[in-house]
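Chain by chain, the residues:
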Amino acid sequence: MLQSVLSSFVEPGDKPALNRARYEALSKQIPVMYAIVIIDMLAMSYTHFSYAPVYLTLYLPAILTPVTIYRSIKIYRSRFETLNDAQVRRRLLTINILAAILGAICVGWALALFNYGDAYTKSHTAFFICLTTLGVIACLMHLRQAGIILFATVVCPTVIFLAATDQSVFHAIALNILLVSAAILFIMFRYNNDFTDMIEKQQILEQQSKILKILSTENLRLANLDSLTTIPNRRRFFSELSDRIEERKTSQETFAVGILDLDGFKQVNDVFGHPAGDQLLIDTSVRLRELLDKDEVFIARLGGDEFGLILNNPGSEREVIALGNQICDELLEPFEMKEGSAQVAGTIGFAFFPDAGDTPSVLFERADYALCYSKQNCKGTVGMFTEEHETLIREVSSIAHRLREADLSEELSVYFQPIINTVENRTFSCEALARWHNPILGNIPPNVFIRSAEQSGMVSRLTAILFKKSLDAAAEWPEHVGLSFNLSTYDLCSPESLLNLLNTIEKSNFKPERITFEITETAVMQDFMRATHGLKLIRQLGAKVALDDFGTGYSSLSYLPRMPIDRLKVDRSFIEDIESSQAKQDIMCTIAQLCDNLNLESTVEGVENETQYKILDAMGYHLIQGYYFSKPLQQDELAERLVAECEMPAKKSASGRSAA
Ligand code: C2E
Ligand code: CA
Ligand code: CA
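Counting starts from 1 at the beginning of each chain's written sequence and moves along it residue by residue. As they are written, the chains are lettered A onward and the ligands numbered 1 onward, keeping that order. Where local features are concerned, this predicted model is filtered to residues with pLDDT of at least 70; where side-chain atom pairs are given and counted, the filter is 80 or more; whole-chain, interface and lining totals use all residues. To get the side-chain values, all heavy atoms of the structure are used, and hydrogens and water are removed first.

Caption draft 1: Spotlight on unusual backbone geometry. For the bond from Phe-353 to Pro-354, the omega torsion is -5°, close enough to zero to count as cis. Only runs of H or I of at least four residues qualify as helices and only runs of E of at least two qualify as strands under DSSP, and these elements are numbered from the N terminus. Its location among the elements puts Pro-354 in the loop between strand 6 (345-353) and helix 12 (360-377). Despite not being glycine, Asn-509 shows a phi value in the positive range, around 70°. Relative to the elements of secondary structure, Asn-509 occurs in the loop between helix 18 (495-508) and strand 12 (515-520). Under the scheme applied here, a residue whose accessible area is under 20% of the maximum for its type counts as buried, over 50% as exposed, and between as partly exposed, the area being computed with a 1.4 Å probe on protein chains only. Residue Asn-509 is classed as exposed on the basis of its relative accessible area, which comes to 72%. Backbone geometry places Asp-549, a non-glycine residue, at a positive phi of 50°. Structurally, Asp-549 is set in strand 13 (residues 544-550). Taking relative accessible area as the criterion, Asp-549 reaches 24% and is therefore assigned partly exposed.

If you want it as structure tokens, here you go:
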């Protein structure tokens, strides 16, 4: 019973955060408290030395001084220890117990000394007890129990002792001690309540800020993740890119940035629906994560079917290309989904820091350029940004500038290259080929300025001028000669320029049946739906469509039957060296069969000699274009040629030179 009363009297309470705060405060104040006690004690010993026995004036201070110094050091050091809640509580309990024991010893000692000396020393004793107690209570301010203990063990016995003397001065001092101690105890209690409140509020604030921190970390995480694939998103990619540049700026240590684009993804969306497209993107991210070491390669989804890569230690260009090829191979594996099996291919463009650029935007643009370049020239492969690209960029931007400034209707002209019907041995149609002569830049090759016009959004303007010039020229040709005109994807996919083309045909009085629009498969695949819609409109009017450069684009054969086209124009890369390449001959045979099966006409371009012509003739190709028959001609040269043709009787078998 007594024990439980005692323990409830000295127990510091059960609030860990509050106890910890108390202990922290006390550990700073207790050494000060012991210093007060020791100094006051030594002063007492000094004034009583000649009156009191040695065991009181010397021995006890001699024992207590090292004890208090030891305690001070211990408690001061504990500030640098990590204590658990139970340890803190135990130490507070020790402080309370020691307050009781040391308080009792000190007061006992002081009161023992009271019996010695004169009135001055007695007053000193009362003064010692009073001030030391107040100092000690002030130092133990944060521990309410310690205050009560000191009141019980020091103040009460002193007051009783002094009251029991027969000196009214000491009675007054006793009353004084009692009142001031009670007042201080009251203040201590108030302070303790305030302190408890403050700690509790602080604790709530800490918890709130912890929760806020967790929430903001979660928000940050979500803001940096792609919601579909759960890999980092575009924002994170760019912040990672900036970090990497910052980190390597001084060392100039290299890293590579890659942009991966899926070819054929749009078609998966169109054919299988959006859920399948989403699944394909998720599966792609899984394949990338499984293939690439996450410490070496940072992967992000940039949006749509585009993924970003940062290669921390890329090694040589060749190694990067090898890794890129590995990625492309991995993506070529069909994706099995519940809607069916889909196939896509990846094209990747890489750029190296710091050679290709040393800011996030430039580095990204360069990698994107390498990607676009690969997509245009060799889909499904890996491209690296090189110095050659750098020159091209400069060229194209200066070309775009000149195009904008130029008087295009004056500077643009059209050459025509005949496509020969080798059975009838006469011109079947003429392909309009754009020429641009600029007073400053000179002659610029058509593929260069057309690409620049496409990139700078000016191609429709060029097309309108070229088409008008071509129709004007073609109006002079014999009825059986058609006009082939090249369209870029922008002409086909922009309703405005498409309408413009159709209007021009209507106004021209040129029969639409005599016109063939040539469009590359790359252009069709860029926006399959829109392009096919445009092609259908063209065909509704009666004009024909040829798929140009067939065999160089990515489109898989499975898309061919769905394209509204009339003719395939086989790319000249299959004709080059066909004489010595059995593989090319086999390919050409297969394409001929394919055209038969799909009921498509075929044209071959780039035929440069008789051997090539004969090989193709034997395979059944009868619409042929190439230097062997004619180079692109100026309008009046072509007119002469056509007149000469009309004067010649039509033959059954063709001879290029005689026809030319
Ligand atoms: P393309 O449509 O494949 O045009 C055929 C290109 O091959 C022409 O180059 C032509 O001069 C060249 N060529 C013809 N026969 C032979 C041959 O036997 N051997 C070789 N080595 N080459 C031959 P050109 O005129 O420089 O045109 C290049 C490309 O520019 C065209 O390729 C076409 O994609 C584009 N282009 C030309 N004019 C226009 C146009 O008015 N509009 C659009 N959108 N593109 C055009
Ligand atoms: Ca063409
Ligand atoms: Ca072509």
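Caption draft 2: Up close: the coordination of the calcium ion (ligand 3). Those donors, Asp-548 (OD), Asp-549 (OD), Glu-605 (OE) and Glu-605 (OE), are the protein atoms that reach the calcium ion (ligand 3), and they lie 2.1 to 2.5 Å from it. Each donor residue of the calcium ion (ligand 3) belongs to the same chain, with the gaps between them written as D-D-x55-E. Between the calcium ion (ligand 3) and the calcium ion (ligand 2) the interatomic distance amounts to 3.9 Å, and Asp-548 serves as a bridging ligand to the pair. Separated by 57 residues along the polypeptide, Asp-548 in strand 13 and Glu-605 in the loop between strand 15 (601-604) and helix 22 (610-619) bring together distant segments of the chain. For Glu-605, a relative accessible area of 8% puts it in the buried group. Donors, by definition, are the N, O and S atoms found within 2.8 Å of a metal, the threshold being 3.2 Å for Na, K and Ca, and water is not counted, so a site can look incomplete.

All we've got here are geometric facts, nothing functional implied.
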